[in-house]
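The primary structure of each chain is shown beneath.
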Amino acid sequence: MPTRILPAVGDADAVRSLTTLLSQLPDAEPVAPVTDSTQLVDTLARLAAESIDELPEVVVVHERIGPVPALELIREVALRFPAVGVILVTSDASPGLFQAAMDHGARGLVALPLSYEELASRVNAVAQWSMGVRRHLGAGGDVFSGVGGTVVTVSGAKGGVGATLAAIQLALAAQASGRSTALLDMDLQTGDIASYLDIQFRRSVVDLAAINDITPRVLADAVFRHDTGVALLLAPGDGERGEEVTDRAARHIVSALRSRYEVVVIDCGSQLSGASAAAVEMADTALLVTTPDVVAVRGAKRTVRMWDRLQIRKAEETMLVVNRHTRSAEIQPALIQRITGTGIAATAVPANFKELQGPVDAGRVHELDPKSTVKQALWALAGELGLVKGTEGAVQPRRNGRSRGSGGDRAALTFRRRKEIGR
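Residues numbered from 1 in each chain as written. Predicted model: local features only at pLDDT ≥ 70, side-chain atom pairs only at ≥ 80, totals over all residues. Heavy atoms only, no water.

Asks: For this particular structure, what's the right way to read the environment of E63?
Replies: Mapped onto the fold, E63 is located in the loop between β3 (58-62) and α3 (70-80). The class for E63 is partly exposed, based on a relative accessible area of 25%. The contacts of E63, once residues within four sequence positions are left out, are A70, L88, V89, T90, S91, D92 and L112. At a separation of 2.7 Å, a polar atom in the side chain of E63 contacts the side chain of T90. (Helix = DSSP H or I, 4+ residues; strand = E, 2+ residues; numbered from the N terminus. Buried < 20%, exposed > 50% of the residue type's maximum accessible area, 1.4 Å probe, protein only. Contact = heavy atoms within 4.5 Å. Polar contact = N/O pair within 3.5 Å; in protein donor to acceptor, adjacent residues only side chain to side chain.)

Following this line, the structure appears as structure tokens:
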């Protein structure tokens, strides 16, 4: 049986030399190389969605792959696709790097410049390991459940637009539908999910920041199991400790949650940090919550532009959610979409302060009246995003920034534009 090998190499010269050598290996079947970390994960996810048997036995990762560093990428592949063997190609073959690569989940290391004998030996050993794992797991049916959980980040265009409430209700809707759900508070300095749910906690996301190998038991010790069934990983009580959660730690934590839960909702707050930036970059869906007022819309536009400049996420890959929407407002969703250049959720959340005041003040937003128009809208948004069981794939952002769903584009509302916003 031929060994399928997927090279992940960003450098054009390295691609040519590596693919030439791989094509000379006996029983090797190199596939088209990928040029960055995002393309690699997306390719593996697409193949896994078809069948585990479609996954390559070996992935070869070059040390200069980007934008995610090679070791972090290896860890994510190892967590999400455990039956795929990963080989790191590097110019540094020191024992320290070898140990680090093994700790991150690599099955082998090949030194540069490439040697046919060394490459053939490593590929053969890793391919045998991969096929052995698949036989042992019965093609992975008992352990591997596909491409991993769905990660949704919820960010605010500015403080006070309702991002935390939206994140909580999306998580509650997913859990209530029968999906195992985790809610991560990545608003590290001012996160208040615990206050919204009136809970006391000892452990927080900071307790995982220094752990390189987050096992299921370690993760279970850190999360707080809420009465609703949602697993909570909370921001630290002392805001200054939030600095301990680096972008690297955030990637480890999000990957660990994705591997254990069907849905992971992350409240990123309104301030960008390295950790929240990493979460937004890794997310399957990145929501940006705004209210229909000039200040918030300008904030949304600034955030979208900043994400694009920092290469975190493109505008057309971001979905805007309009909170506190009224039909009489001068600024309507279609206008906000035009200003920001993002996609926009078909579901707009209505303004109804009276419904929320009591549950928010009591810290019992999980007990919000089922007849509440705000709750109904947010749970409808969860269905639109495919977070509710039975609605997978309900919405897929289009390249032109619009969304398609069973309910049509409610954002295409009639509006009267009196002035330009955000110039």
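The rest of the description comes next.
Asks: Quick question: what am I supposed to make of the side chain of S372 here?
Replies: Inspection of the secondary structure puts S372 in the loop between α13 (353-362) and α14 (373-384). Note on S372: relative accessible area 4%, which makes it buried. At 3.2 Å, the side chain of S372 forms a polar contact with the backbone nitrogen of V374. A distance of 3.2 Å separates the side chain of S372 from the backbone nitrogen of K375, its partner in a polar contact.

Asks: Mind showing me how you'd approach the nonpolar core here?
Replies: Across soluble globular proteins, nonpolar side chains have a tendency to be buried as a group. Ranked by size, the top nonpolar core spans 49 residues in total, and within it L184, L233, V245, I253, L257 and I266 carry the most contacts. In this structure, L184 is in contact with V205, L233, I253, V254, L257, V265, I266 and D267, ignoring residues within four places of it in sequence. Grouped together as the second largest cluster of nonpolar side chains are 41 residues, A174, L232, L356 and L385 included. (Core = buried A, V, L, I, M, F, W, Y, C linked by side-chain atoms within 4.5 Å.)

Asks: Help me understand the sheet that holds strand β12 (residues 318-322), please; the structure alone is not making it clear to me.
Replies: In a beta sheet, neighbouring strands pair by backbone hydrogen bonds and run either parallel or antiparallel. Strand order across the open sheet formed by eight strands is β8-β9-β7-β10-β6-β11-β12-β13, with mixed pairing between neighbours. Both outer strands of the open sheet, β8 (224-225) and β13 (343-344), are each paired with one neighbouring strand and no more. In the packing of helix α11 (residues 294-309) onto the sheet, contacts are made with β6 (150-156), β11 (285-290) and β12, and the angle to β11 comes to roughly 155°. (Pairing = 2+ DSSP bridges. Axes fitted to C-alpha atoms, helices over the stretch in contact; angles between N-to-C directions.)

Asks: I'm lost on the sheet that holds β3 in this one. Help?
Replies: Here we have five strands laid out as an open sheet, ordered β2-β1-β3-β4-β5, and parallel in their pairing. Strands with a single pairing partner mark the edges of an open sheet, and in this sheet they are β2 (28-30) and β5 (108-111). Within the sheet, the average angular offset between the axes of one strand and its neighbour, ignoring direction, is 25°. Examined bridge by bridge, β3 and strand β4 (residues 85-90) share five bridges and lie parallel to one another. Paired with V60 across the two strands is I87, which belongs to β4. Those strands touched by helix α2 (residues 37-50) are β1 (3-8) and β3, and its axis lies near 150° from that of β1. Contacts between helix α4 (residues 95-103) and the sheet are confined to β4 and β5, with β5 contributing the most and set at about 145° to the helix.

Asks: Help me understand the packing of α11 against helix α12 (residues 333-340), please; the structure alone is not making it clear to me.
Replies: Packed helix pairs are characterised by how far apart their axes lie and by the angle those axes make with each other. Where α11 contacts α12, the axes come no closer than 9 Å and their chain directions differ by 35°. α11 and α12 meet at a crossing whose hand is right-handed. Together, V297, A300, K301 and V304 of α11 and I336, I339 and T340 of α12 make up the contact between the two elements. Across the contact of α11 with α12, the residue classes tally to five nonpolar, one polar and one charged. (Left-handed = near helix turned anticlockwise from the far one by under 90°. Nonpolar A, V, L, I, M, F, W, Y, C, P; charged D, E, K, R; others polar.)

Asks: Quick question: what am I supposed to make of the confidence of the model for the protein chain here?
Replies: Interpretation of this model should avoid reading the predicted coordinates in detail wherever pLDDT is low. Confidence in the prediction of the protein chain, expressed as mean pLDDT, is 87, and 89% of residues score 70 or more. Overall, residues 139-147 carries pLDDT values under 50, and its contacts beyond four positions in sequence, including any with other chains, amount to 19 contacts. (pLDDT = per-residue confidence, 0-100.)

Asks: Explain the packing of α3 against helix α9 (residues 247-260) to me, please; I cannot follow it from the model alone.
Replies: With their axes 9 Å apart at the nearest point, α3 and α9 run at an angle of 10° to one another. What the angle tells us is that α3 and α9 run roughly parallel. Where α3 abuts α9, its residues E72, R75, E76, L79 and R80 lie against R248, R251, H252, S255, A256, R258 and S259. (Parallel < 35°, antiparallel > 145°, perpendicular 65-115°, else oblique.)

Asks: Can you walk me through the pairing of β3 in this structure?
Replies: Put simply, side chains in a regular strand alternate between the two faces of the sheet. Of all five residues making up β3, five are buried, and the element is well covered by its neighbours. Here β1 runs beside β3; their pairing, made up of four bridges, is parallel. Within β3, the position partnered with A8 by the bridge is V61. In this region the chain leaves β3, passes through α3 and returns to the parallel neighbour β4; the handedness of that crossover is right-handed. (Right-handed = clockwise from strand over helix to strand, strands pointing away.)

Asks: I tried to follow the pattern of salt bridges on my own but got confused; where do I start?
Replies: Counted according to the given criterion, the structure contains nine salt bridges. The partner of E76 in a salt bridge is R80, and the shortest N-O contact between them spans 3.3 Å. With a gap of four residues between them, E76 and R80 both fall in helix α3, about one helical turn apart. Of the two residues examined, E76 and R80, each falls in the buried class. Here D284 makes a salt bridge to R258, at a shortest N to O gap of 3.1 Å. Placement of the pair is D284 in the loop between α10 (274-282) and β11 and R258 in helix α9, with a sequence separation of 26 residues. (Salt bridge = Lys/Arg side-chain N within 4 Å of Asp/Glu carboxyl O.)

Asks: Would you mind going over α12 with me for this structure?
Replies: It helps to recall that an α-helix has 3.6 residues per turn; residues three or four apart then point in one direction. Counting buried residues along α12, seven of its eight residues qualify, which places the element largely inside the surrounding structure. Within α12, the full set of buried residues consists of P333, A334, L335, I336, Q337, I339 and T340. Turning to α12, the residues buried within the fold contact β11, α11, β12 and β13. Following α12 by one or two positions, G341 adopts a phi angle in the positive range, close to 75°.

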